[in-house]
Amino acid sequence: MALLTPDDLKNMKNALVRNDRLIEKLTGTDLKTMCADIYGTAWRHEKIGIIPITAGGGIIGRFSESLLHTIRHFGMEGFITEKTDVAGYYEAVTAGADIILMADDYTFAAHNIRNGKIAHNQICTGIVYSEVLVRTRDEFFKGADSGSLNRVLAIGIGKVGRPALENLIARGCDVCVYDADPAVLDRIVEEFDVRRYDPEKPQSFLKIFEATPCADTIREEMLIPGAVLSTPGIPCAIGKEKRVKYNVTTVQEPLGIGTMSMLYQVFDKA
Ligand code: NAI
Ligand code: PYL
Ligand code: MG
């Protein structure tokens, strides 16, 4: 898995506020309300314990702090343990945490120790970013051909992209898929009722989902002017020049959006 760096998280506070506003502009509800609606759950003052984990590549500067910022930004209660790893787990539980957030190099999990629910960051990130596209109101695309409104191009069908693809299909979207790995692409078009994006016969889209660890994966010919790009991928899939030229609205943030999706997945039903 591509790991975050402290630099990726440098501007996350501003990015979270900007993206929350943008999600509201696109879908009509803010991130928190959208997550509650996706999972049919509600926050009931559960306390969230964040445990820094030293395994593998070790602690990532700003990681725990960004999680705490996200929780507090949305009015929830949480704390970072002083100790790390198993000692941190003991500290979190004895200090009254209801939900544990912790990540090593392979898995970032949210575990609700009261109801037993557990969430995985890659799955929840795919779901929430794909839902932004599903929920973007038709009125946002003024004068668009109605045939384009249900079509989505999904780029990068890995651990984040796959749950996103499953969600887009479940939500009735007509999905075209692209992955740089031909074996992945072959498997996906065989398994799902989706079309393969063929770079030799380019098509353009109003709605694009992207989850790759590469920059500049959005080619000009993929874009209908005024498109919405929802992308957890780091670094960003599109540069400023192309974004401006095609008036692309981009939802992208390094950690908080996916974390909110994880928390709402493990809260109790509303
Ligand atoms: P992954 O490695 O499981 O999947 C990436 C997929 O993209 C692979 O199938 C690969 O073949 C494909 N790919 C690579 N380069 C490509 C290119 N140039 N064009 C098309 N396809 C390409 O990775 P995973 O876990 O799905 O993560 C994807 C990205 O999302 C990473 O950058 C990761 O850091 C980021 N991420 C961001 C989060 C957030 O909250 N913003 C949360 C989780 C992951
Ligand atoms: C959750 C992110 C999104 C993209 N890549 C994932 C990643 O960077 N995972 C590693 C997280 C490690 C955290 C570290 C700490 O500070 O506790 N062990
Ligand atoms: Mg995120």
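This structure is a prediction, so every number in the text was calculated from the model and none was measured.

Draft legend 1. Local environment of the layout of surface pockets. Approximately 420 Å³ is the volume attributed to the second largest pocket. Taken together, 17 residues line the second largest pocket, and the ones lying closest to its centre are A15, R18, Q252, E253 and P254. Top element by residues in the lining of the second largest pocket is helix α1 (residues 12-27). It accounts for five residues. Residues that form the lining of the second largest pocket fall into these classes: seven nonpolar, four polar and six charged.

Draft legend 2. Spatial organisation of the site of ligand 2. In the vicinity of ligand 2 there are 14 residues, among which A2, L4, I53, I60 and A103 approach most closely. A distance of 2.8 Å separates an oxygen atom of ligand 2 from a polar atom in the backbone of L4. I53 has a polar backbone atom sitting 2.8 Å from a nitrogen atom of ligand 2. In terms of residue class, the shell around ligand 2 is made up of 11 nonpolar, two polar and one charged.

Draft legend 3. Looking closely at the site of ligand 1. Residues in contact with ligand 1 amount to 25 residues; listed here are only the nearest, Q122, K159, V160, D179 and E253. In this structure, an oxygen atom belonging to ligand 1 sits 3.4 Å away from a main-chain N or O atom of A2. Interatomic distance of 2.9 Å between a backbone N/O atom of K159 and an oxygen atom of ligand 1. Protein burial of ligand 1: of its 860 Å² of free accessible surface, 84% is covered by the chains. Broken down by element, the shell around ligand 1 gets its largest block of residues, three residues, from helix α5 (residues 121-135). Residue composition of the shell around ligand 1, grouped by class: 13 nonpolar, eight polar and four charged.

Draft legend 4. Representation of the nonpolar core within the structure. Of all hydrophobic cores here, the largest spans 78 residues; its most connected members are M76, L101, V177, I208 and I218. The contact partners of I208, leaving out residues within four places of it in the chain, are L133, L153, I155, I218, M222, L223, V228, L229 and S230. One finds I51, A92, A97 and I100 within the second-largest nonpolar core, a separate group that totals six residues.

Draft legend 5. Summary view of the packing of aromatic side chains. Under the counting rule described, the total for this entry stands at five aromatic pairs. Between F140 and F141 the ring centres are 5.5 Å apart and the planes differ by 90 degrees, which places this aromatic pair in the edge-to-face class. A relative accessible area of 24% places F140 in the partly exposed class. An aromatic cluster of at least three residues, connected via ring pairs, comprises Y178, Y197 and F205. The ring of Y178 has R219 sitting right over it, with the charged end atom 5.7 Å from the ring centre.

The rules behind these values
- Residues numbered from 1 in each chain as written.
- Chains lettered and ligands numbered in written order.
- Predicted model: local features only at pLDDT ≥ 70, side-chain atom pairs only at ≥ 80, totals over all residues.
- Heavy atoms only, no water.
- 1 Å grid on protein atoms, 1.4 Å probe; cavity = no way out; pocket = protein on both sides within 12 Å on 5 of 7 lines; lining within 4 Å.
- Points joined across faces, edges and corners; volume = space filled by probe spheres on them.
- Helix = DSSP H or I, 4+ residues; strand = E, 2+ residues; numbered from the N terminus.
- Nonpolar A, V, L, I, M, F, W, Y, C, P; charged D, E, K, R; others polar.
- Near = heavy atom within 4 Å.
- Polar contact = N/O pair within 3.5 Å; in protein donor to acceptor, adjacent residues only side chain to side chain.
- Areas by Shrake-Rupley, 256 points an atom, 1.4 Å probe, with all protein chains shown as cover.
- Core = buried A, V, L, I, M, F, W, Y, C linked by side-chain atoms within 4.5 Å.
- Buried < 20%, exposed > 50% of the residue type's maximum accessible area, 1.4 Å probe, protein only.
- Contact = heavy atoms within 4.5 Å.
- Phe/Tyr/Trp six-rings, centres within 6.5 Å; stacked < 30°, edge-to-face > 60°.
- Lys NZ or Arg CZ within 6 Å of the ring centre and 35° of its normal.

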